[in-house]
Structure formats: C-alpha cells, structure tokens
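Chain by chain, the residues:
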Amino acid sequence: MDIYASPTFDMACRQFDLCADLLEIPDNDRARLKYPKRALTVAVPIHLDDGRTVVYPGYRVQHHLSLGPTKGGMRYHPDVTIGEVAALAMWMSWKCALTGLPYGGAKGGIACDPRKMSTTELERLTRRFTQEIISFIGPQVDIPAPDVGTNEQTMAWMMDTYSTHMGYSVPGVVTGKPVGLGGSLGRREATGRGVGYLIGRAMDVLGLDSGKCTAVVQGYGNVGSVAAASLAKHGTKIIAVSDVDGGLYNAGGLDLQKLDAHLAARKPFTAFPEADHITNDQLLVTPCDVLVPAALERQITEKNAARIQCRILAEAANGPVTPDADLIINQRPEIFVIPDILCNAGGVVVSYFEWVQDLQSFFWSEAEVVDKLFRILETAFAQTHHLSKQRKISLRQAALSLGIKRVAEAKKQRGLFP
Ligand code: NAD
C-alpha cells in the first residue's frame with residue numbers, strides 16, 4: 001500500500017498499530033482493518049477565467065464498507081495528497097464507529113488553492129470533479145460533506161451535478177448543504193458546537209469554571225469560529241485566534257462579534273485593529289486554559305509539545321498532534337486531551353442527521369438536532385473517559401480503541417468473502 005505513503009498516513013497507521021496491540025487484534029486481521037478499501041484518483045480539467053486550461057488532481061478514498069455507506073469531507077487545499085486523504089478517511093472510520101453511526105470513513109479532496117480561484121472557477125472545478133467521481137458516490141455508497149476550503153455552496157454544486165446526472169433531486173448524496181436544499185438546521189455550527197460542549201464536559205471533570213477560563217483557537221474557519229463563539233457564550237475569554245496568515249492576541253479578550261463583522265466586510269484577518277499580532281507558532285504556546293487547534297494536521301509536534309501551556313487540549317482539527325508529540329503530552333498529566341475523533345465528531349453526527357432527514361423527507365427543528373447531538377457526544381465522552389481510567393490509557397487511545405474495536409467486530413461478524 002505504498003501509494004498512501006505520507007507523514008499523515010504514517011501517523012494514522014502508528015496510532016492504529018498502538019491500539020491494535022492494546023486490543024490484541026490478531027496480526028492476520030490488522031492489514032484488513034488498516035488499509036483503505038478503495039480509492040479513486042482523477043484528473044479534473046477546467047478552463048480558468050483567463051482562458052488557460054488547468055488540470056487538478058482529485059481524490060476520493062473509502063476506508064471500509066463493513067457498516068454501511070462511507071462518509072467524509074471534501075478538502076480543497078494546495079497540500080492535498082492521496083496519503084493525507086487516506087489518513088483522514090481512516091480517522092473518519094474510527095470516529096463514526098466511536099459515535100455509533102452506520103458508516104465507514106471516507107475523505108476526498110482536490111490539490112488546489114481555493115483562495116486564489118474565482119467563484120466561477122470553483123463551481124466548474126466542483127462540478128467536473130463530481131462528474132469524474134459520480135459512480136463512486138451516492139446516498140447508499142459514499143456521502144461527501146464540507147471540510148477545509150469547501151462549504152455549503154460547494155455541497156450545493158455537488159448535489160446539483162449528481163441530481164442532474166440522475167434526472168431527479170438527490171439531496172442525500174451530500175451533507176452540509178444549504179438548509180433550503182435539504183440541509184439540516186444546525187449542521188453548519190455542529191462541529192464547533194460539539195467542540196464547545198466537550199470542552200464544557202472536560203471542565204466539569206477538572207473542576208474548572210468556564211467563566212474564569214481563557215482560550216486560544218488556531219484556525220478561525222468554520223470549526224474554529226463556532227467553537228470560539230460557543231466558549232465565549234459560556235464566559236470563557238478568547239485571548240488569541242489565527243488563520244493561515246497569522247494570529248491575533250488580546251490579553252483582555254477579543255471581541256468576536258467585532259472580528260466577525262470585520263471579516264464579513266472582507267477585510268484581511270490580520271488587519272483587525274483591536275489586537276496584537278502573533279505568529280501561529282507563538283499562538284500554540286500561549287498560556288491559556290483551553291487550547292483549540294482547529295486548522296490542519298501535525299501542528300503540535302515534538303518541537304513544541306513540551307511548551308504548550310494549557311489545561312485542556314481540544315483537538316478540533318483532524319490529526320493536529322503527531323505521535324511523537326503525543327509521547328511528550330502523555331508525560332504531562334496536567335493536560336486533558338480531547339482527541340480529534342471525539343472532539344470534532346459533532347460534524348459527522350449532524351451530517352448523519354441530515355442524511356436521515358433527506359432519506360425520509362422529514363425535517364427536524366434545530367432544538368431537536370442539538371439535543372440529539374449532545375446526547376451522542378455525551379455517551380461517546382463518557383465511554384472514552386471511562387475506558388481511559390479503567391485501562392490507564394490516554395484518552396486518544398481510549399477513543400481510537402472503542403472505534404477500532406467496533407469495526408473489527410463488524411468485520412468478524414460479517415466474515416470474509418468468498
Ligand atoms: P475552514 O476552511 O473553514 O477553516 C480552516 C481555517 O484554518 C481557516 O481559518 C484557515 O485560514 C486556517 N488555516 C489553514 N492553514 C493554517 C495554518 N497553517 N495555521 C493556522 N491556520 C490555518 O475548515 P474547517 O471546516 O473549519 O476545518 C478545520 C479543521 O476541522 C480541519 O482539520 C477539518 O478536517 C476539521 N473538521 C471539520 C469539520 C467540518 O464540519 N467542517 C468536521 C470535522 C473536522
């Protein structure tokens with residue numbers, strides 16, 4: 001399986017191997033659990049606005065098919081590779097199993113820079129990509145959702161392209177759509193809202209008062225901005241946030257409403273006046289109660305893990321902490337880690353609700369969505385915390401073990417064809 005070789009895929013494999021040892025999974029069964037079931041690489045040609053024709057590489061990886069269709073985001077970012085997508089698909093599998101969803105994991109993406117593309121170019125790219133992978137997706141096959149660099153509009157274009165191909169509307173082919181097209185109330189906020197809920201549960205365990213805590217958020221995108229707002233709602237002071245261009249720091253607390261208005265006016269993130277500038281490296285080691293990496297993988301490494309200064313490390317991004325950094329953080333019992341597959345699971349949980357609503361053409365209130373979301377997250381949090389205490393293992397190993405064990409059991413029960 002050398003095609004997936006990459007730092008992020010190696011990282012996901014290292015995490016899997018550790019848990020497979022813990023769970024005493026027989027050697028015979030490990031490769032079948034670890035490697036993605038199938039993957040598709042496509043060349044996506046489009047005309048740019050200036051008349052040039054450019055071909056972008058696009059990927060979709062489906063990790064396992066043992067529990068239902070596959071589910072996972074679509075990422076538009078210059079660094080997307082098939083190895084990164086495969087790692088993200090593997091994490092989606094353990095996340096869906098941890099939260100009891102009837103899905104295998106998937107992920108996809110295009111190596112492109114959406115910040116440098118016009119809306120019309122992005123639309124052409126999304127539609128052509130959807131056409132190239134059309135036989136690989138579907139409401140009973142594989143259901144994409146937004147991720148870094150994609151949003152509700154991207155999902156609307158995918159849904160429209162798929163529906164045009166089929167000849168009728170198929171809202172259940174993607175989740176994270178606009179509400180008017182069969183999207184779910186509360187989906188846009190789901191991941192960040194779930195991050196906020198789980199941080200609240202970690203504060204309960206540690207006996208911290210949210211009104212006296214400070215938080216730092218790396219990546220003020222969909223997930224990071226909603227997580228920050230949800231913490232601020234409970235009185236936590238947000239002292240630093242960042243995007244790809246750099247960070248903003250205000251010891252007295254950033255005014256998030258003003259920051260949101262500044263961004264809505266399409267002004268540069270780092271031009272926000274009521275803050276000092278810091279780099280993303282400085283931001284990660286800023287003293288705070290809650291550190292929320294909500295950008296990309298491998299941000300906390302062996303180089304800065306000993307210097308992070310927080311009580312709660314809430315992994316809103318996928319894979320923000322490398323295994324080498326984990327070894328360091330595991331020696332720092334003062335840090336309560338909410339591992340990624342638990343911390344950001346709110347997104348796929350409400351995506352599941354959206355899919356269920358689409359299949360039934362019967363839609364729920366936002367209060368119902370939020371109530372059901374918190375109940376699922378509560379169970380996953382309690383089970384993870386309990387297993388971590390019982391087996392004296394890290395919260396990451398506990399969460400991964402729960403997810404991996406459920407997939408392993410499903411594969412065992414189904415047997416091996418033929
Ligand atoms: P997004 O594109 O809305 O936001 C990403 C943010 O990170 C942007 O503000 C961007 O400027 C910033 N960023 C990018 N590179 C950075 C860097 N090197 N340093 C600092 N900031 C950087 O994406 P999102 O949907 O908010 O996703 C963020 C993370 O959450 C990703 O790891 C994604 O896989 C994960 N996630 C997202 C969802 C979801 O529902 N959107 C669900 C689960 C997990």
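As the structure is a computational prediction, the values presented were derived from the model and not from experiment.

A short note on the overall build of the chain
Reasoning step 1: Scanning the chain from terminus to terminus reveals 14 helices and 12 strands.
Reasoning step 2: Whereas a compact globule of 418 residues would reach a radius of gyration of roughly 22 Å, the chain reaches 20 Å, a difference of no more than 12%.
Reasoning step 3: Each principal axis of the C-alpha distribution contributes one length, and for the chain these read about 55 × 55 × 40 Å.
Reasoning step 4: Considering the chain as a whole, with its 418 residues, one finds that 57% of them fall into the buried category.
Reasoning step 5: A separation of at least 24 residues holds for 69% of the contacts in the chain among residues at least 6 apart in sequence.

What about the domain arrangement of the chain?
Reasoning step 1: Along its sequence, the chain is carved into domain 1 (2-170) and domain 2 (190-338).
Reasoning step 2: Here the C-alpha centre of domain 2 lies 26 Å away from the C-alpha centre of domain 1.
Reasoning step 3: A per-residue breakdown of the area domain 1 buries against domain 2 is headed by M11, R14 and R115, which together make up 43% of the total.
Reasoning step 4: For the pair domain 1 and domain 2, the number of links is 3 salt bridges.
Reasoning step 5: Where D324 meets R14, a salt bridge forms, and the shortest distance between an N and an O atom there is 3.1 Å.
Reasoning step 6: Where domain 1 meets domain 2, there are 4 residue pairs in polar contact (both at pLDDT 80 or more).

Brief notes about the sheet that holds strand β6 (residues 214-218)
Reasoning step 1: In spatial order, the strands read β9-β8-β7-β6-β10-β11-β12; together these 7 strands make up an open sheet with mixed pairing. Each end of this open sheet is capped by a strand with a single partner; those strands are β9 (276-278) and β12 (336-338). On average, each strand axis in the sheet is tilted by 20° relative to the strand beside it, whichever way the strands run.
Reasoning step 2: Relative to strand β11 (residues 312-314), strand β10 (residues 290-293) is paired through 2 bridges, and the arrangement is parallel. The residue bridging L291 from the neighbouring strand is L313, located in β11.
Reasoning step 3: Contacting β10, β11 and β12, helix α6 (residues 187-206) crosses the sheet at an angle of about 155° to β12.

Regarding the packing of aromatic side chains
Geometrically, a pair of aromatic rings is defined through the distance of the ring centres and the angle of the planes.
Reasoning step 1: For the structure on display, the rule yields 11 aromatic pairs.
Reasoning step 2: On the basis of an interplanar angle of 20° and a centroid distance of 4.4 Å, the ring pair of Y197 and F374 is categorised as stacked. Of this pair, Y197 sits in helix α6 while F374 sits in helix α13 (residues 366-391); the two residues are 177 residues apart in sequence, bridging distant segments of the chain.
Reasoning step 3: Through pairs of rings, three or more aromatic residues link up here, namely Y103, Y352, F353, W355 and W364.
Reasoning step 4: Its guanidinium or amino end placed over the ring of W364, K372 lies 4.7 Å from that ring's centre, counting from NZ or CZ.

What to know about the site of the ligand
Reasoning step 1: Taken together, 23 residues form the shell around the ligand, and within it D147, T191, N222, V223 and N318 come nearest.
Reasoning step 2: Between the ligand and A295, the relevant distance is 3.0 Å, taken from an oxygen atom to a main-chain nitrogen or oxygen of the residue.
Reasoning step 3: Between the ligand and the protein, one listed contact pairs an oxygen atom with a side-chain N or O atom of N318 at 2.8 Å.
Reasoning step 4: Coverage of the ligand by the protein chains reaches 86% of its 820 Å² of free accessible surface.
Reasoning step 5: For the shell around the ligand, the elements supplying multiple residues, two or more each, are α6 and α7 (222-233).

Here's the deal with the pattern of salt bridges
Reasoning step 1: For the structure shown, the criterion picks out 30 salt bridges.
Reasoning step 2: In this structure, the salt-bridge partner of E152 is R188, at a minimum N-O distance of 2.9 Å. You can see E152 sitting in helix α5 (residues 152-166) and its partner R188 sitting in helix α6, a full 36 residues away along the chain.
Reasoning step 3: E152 sits in the partly exposed class, given a relative accessible area of 22%.
Reasoning step 4: If you follow the salt bridges from partner to partner, you end up with R75, E84, K107, D147 and E297 in one network.

Examining the environment of L22
Reasoning step 1: With respect to the secondary-structure elements, L22 resides in helix α1 (residues 7-22).
Reasoning step 2: On a C-alpha basis, the gap between L22 and A265 in space is 51 Å, while along the polypeptide they are 243 residues apart.

Some details on the pairing of strand β4 (residues 104-110)
Reasoning step 1: β4 sits mainly inside the fold: 7 of its 7 residues count as buried.
Reasoning step 2: For strand β2 (residues 53-62) and β4, the ladder comprises 5 bridges, and the chain directions are antiparallel. When the bridges of β4 are listed, Y59 appears paired with G109.
Reasoning step 3: In this sheet, β4 lies alongside strand β3 (residues 70-76) in parallel orientation, the contact comprising 5 bridges. Within the sheet, the bridge partner assigned to T70 lies in β4 and is G104.

What counts, and at which threshold
- Residues numbered from 1 in each chain as written.
- Predicted model: local features only at pLDDT ≥ 70, side-chain atom pairs only at ≥ 80, totals over all residues.
- Heavy atoms only, no water.
- Helix = DSSP H or I, 4+ residues; strand = E, 2+ residues; numbered from the N terminus.
- Rg over C-alpha atoms; globule rule 2.2 N^0.38 Å.
- Buried < 20%, exposed > 50% of the residue type's maximum accessible area, 1.4 Å probe, protein only.
- Contact = heavy atoms within 4.5 Å.
- Domains from an automatic or database assignment.
- Buried area = accessible area lost by both parts, 1.4 Å probe.
- Salt bridge = Lys/Arg side-chain N within 4 Å of Asp/Glu carboxyl O.
- Polar contact = N/O pair within 3.5 Å; in protein donor to acceptor, adjacent residues only side chain to side chain.
- Pairing = 2+ DSSP bridges.
- Axes fitted to C-alpha atoms, helices over the stretch in contact; angles between N-to-C directions.
- Phe/Tyr/Trp six-rings, centres within 6.5 Å; stacked < 30°, edge-to-face > 60°.
- Lys NZ or Arg CZ within 6 Å of the ring centre and 35° of its normal.
- Near = heavy atom within 4 Å.
- Areas by Shrake-Rupley, 256 points an atom, 1.4 Å probe, with all protein chains shown as cover.

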